[in-house]
Amino acid sequence: MTRRRRVPAMAPEDRRAALIEATVPLLRAHGTAVSTRQIAEAAGVAEGTIFGVFPDKATLLRAALMSAFDPGPAERAFAAIAATQGLRARLCEVAALLRAGMTANVNLFAVPRELMAEDAEFHEYMLASRTRITTALAALVEPDRDHLRRSPMATAQLLLMLVSVSVHRGFGLSGDFGDMDDEEIVSVLLDGLLVRPSLTPSTESVR
């Protein structure tokens, strides 16, 4: 019989981080039904080890959720987008990054509310996370502020809403938004919903 490989002894903070890292993909796949046994096997530790650094399963799941929604990777990805590109091209890259992140976490939005109901730290973290994402998006839009009717922050919020609706086909909306690709999302944001003729020197633009 093949024995499960145990990870080397770690400091409590390192053990905590390793358990969170092992929990995130399991939480995405199984939701809160994931067991501590599954988590322990993924982390290569004994099940009892979990409770040496977390008081209970719910605390571990909350920590894993906060890790899954960490805005740091998105902020770094946005900052790496070439500023020399036009606004439309930059926003298409952003839309693709946002869609990938939201799709990866789509099942996490269905986590039972009771798990988070009385966790003020989690709610504050999620609000701060969204603010950081929006601020990073606004910074990307800022160079084109003079070409937009709305502020960079409002533009960032509208982009987040459009990508969210295309990924999470709920929100009580009856329309079919699931087939919107990144280019169409950016087109709706920048051009609106009017069908526009191909512009030629003699074509009057739609007002």
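Provided above is the structure to which this section pertains.
Just so you know, these numbers come straight off a predicted model, no measurement behind them. (Residues numbered from 1 in each chain as written. Predicted model: local features only at pLDDT ≥ 70, side-chain atom pairs only at ≥ 80, totals over all residues. Heavy atoms only, no water.)

A.B. asks: When you look at the overall build of the protein in this model, what are you seeing that I'm missing?
C.D. replies: A tally of helices and strands in the protein yields ten helices and zero strands. Seen in sequence order, the protein has helices and strands lined up from the N terminus as α-α-α-α-α-α-α-α-α-α. Per-residue burial for the protein yields a buried fraction of 36% across its 207 residues. Counting only carbon and sulfur atoms, one obtains 55% of the accessible surface of the protein, whose full area is about 12800 Å². (Helix = DSSP H or I, 4+ residues; strand = E, 2+ residues; numbered from the N terminus. Buried < 20%, exposed > 50% of the residue type's maximum accessible area, 1.4 Å probe, protein only. Areas by Shrake-Rupley, 256 points an atom, 1.4 Å probe, with all protein chains shown as cover.)

A.B. asks: Teacher, can you tell me more about a negative patch on the surface here?
C.D. replies: Residues Asp 179, Asp 181, Glu 183 and Glu 184 make up a contiguous surface patch of negative charge. Relative to the assigned elements, Asp 181 resides in the loop between helix H9 (152-167) and helix H10 (182-191). Since its relative accessible area comes to 40%, Asp 181 is described here as partly exposed. (Patch = residues over 30% accessible without salt bridge, like charges linked within 9 Å, V, L, I, M, F, W, Y side chains within 5 Å. Salt bridge = Lys/Arg side-chain N within 4 Å of Asp/Glu carboxyl O. Lys, Arg positive; Asp, Glu negative; His and termini not counted. Charge placed at Lys NZ, Arg CZ, Asp CG, Glu CD.)

A.B. asks: Any chance you could explain the pattern of salt bridges here in plain terms?
C.D. replies: Side chains that carry opposite charge are capable of pairing whenever their charged atoms lie near each other. Evaluated as defined, the whole model comprises six salt bridges. In this structure, the salt-bridge partner of Glu 41 is Arg 37, at a minimum N-O distance of 3.4 Å. Remark: Arg 37 and Glu 41 occur in helix H2 (residues 36-43); sequence separation between them is four residues, near one turn of the helix. A residue is classified by how much of its surface remains accessible, and Arg 37, at 55% relative accessible area, is exposed. Between Asp 191 and Arg 88 there is a salt bridge, with its nearest N and O atoms 3.0 Å apart. Taken as a pair, Asp 191 in helix H10 and Arg 88 in helix H6 (residues 87-104) lie far apart in primary sequence, 103 residues in all.

A.B. asks: Would you mind showing me how to read the side chain of Arg 90 here?
C.D. replies: With respect to the helices and strands, the residue Arg 90 is situated in helix H6. Separated by 3.0 Å, the side chain of Arg 90 and the backbone oxygen of Leu 140 make a polar contact. Sequence-distant contacts of Arg 90, defined by excluding residues within four places in its chain, comprise Ile 81, Ala 82, Ala 83, Gln 85, Leu 140, Val 141, Pro 143 and Asp 144. (Polar contact = N/O pair within 3.5 Å; in protein donor to acceptor, adjacent residues only side chain to side chain. Contact = heavy atoms within 4.5 Å.)

A.B. asks: Which parts of the structure should I look at to understand the nonpolar core?
C.D. replies: Nonpolar side chains in soluble globular proteins tend to end up buried together. Residues Phe 78, Leu 91, Val 94, Leu 98, Leu 137, Leu 159 and Val 163 are the most contacted members of the largest nonpolar core, which totals 25 residues. Breaking this core down by element, the ones donating at least two residues are H6, helix H8 (120-141), H9 and H10. Counting residues per element, this core draws most heavily on H6, at seven residues. Excluding residues that lie within four positions of it along the chain, Leu 98 makes contacts with Phe 78, Ile 133, Leu 137, Leu 159, Leu 160 and Val 163. Counting 24 residues, the second largest nonpolar core, distinct from the first, contains Val 45, Ile 50, Phe 69 and Phe 122. (Core = buried A, V, L, I, M, F, W, Y, C linked by side-chain atoms within 4.5 Å.)

A.B. asks: Please clarify how the packing of H6 against H9 should be interpreted in this entry.
C.D. replies: If you want to describe how two helices pack, look at the angle between their axes and the distance between the axes. Relative to each other, H6 and H9 sit at 45°, their axes nearing to 10 Å. With respect to H9, the axis of H6 lies oblique. The handedness of the crossing between H6 and H9 comes out as right-handed. Packed against H6, whose contacting residues are Leu 91, Val 94, Ala 95, Leu 98, Arg 99, Met 102 and Thr 103, the element H9 presents Leu 159, Leu 160, Val 163, Ser 164, Ser 166 and Val 167 at the interface. Counted by class, the contact of H6 with H9 contains nine nonpolar, three polar and one charged residues. (Axes fitted to C-alpha atoms, helices over the stretch in contact; angles between N-to-C directions. Parallel < 35°, antiparallel > 145°, perpendicular 65-115°, else oblique. Left-handed = near helix turned anticlockwise from the far one by under 90°. Nonpolar A, V, L, I, M, F, W, Y, C, P; charged D, E, K, R; others polar.)

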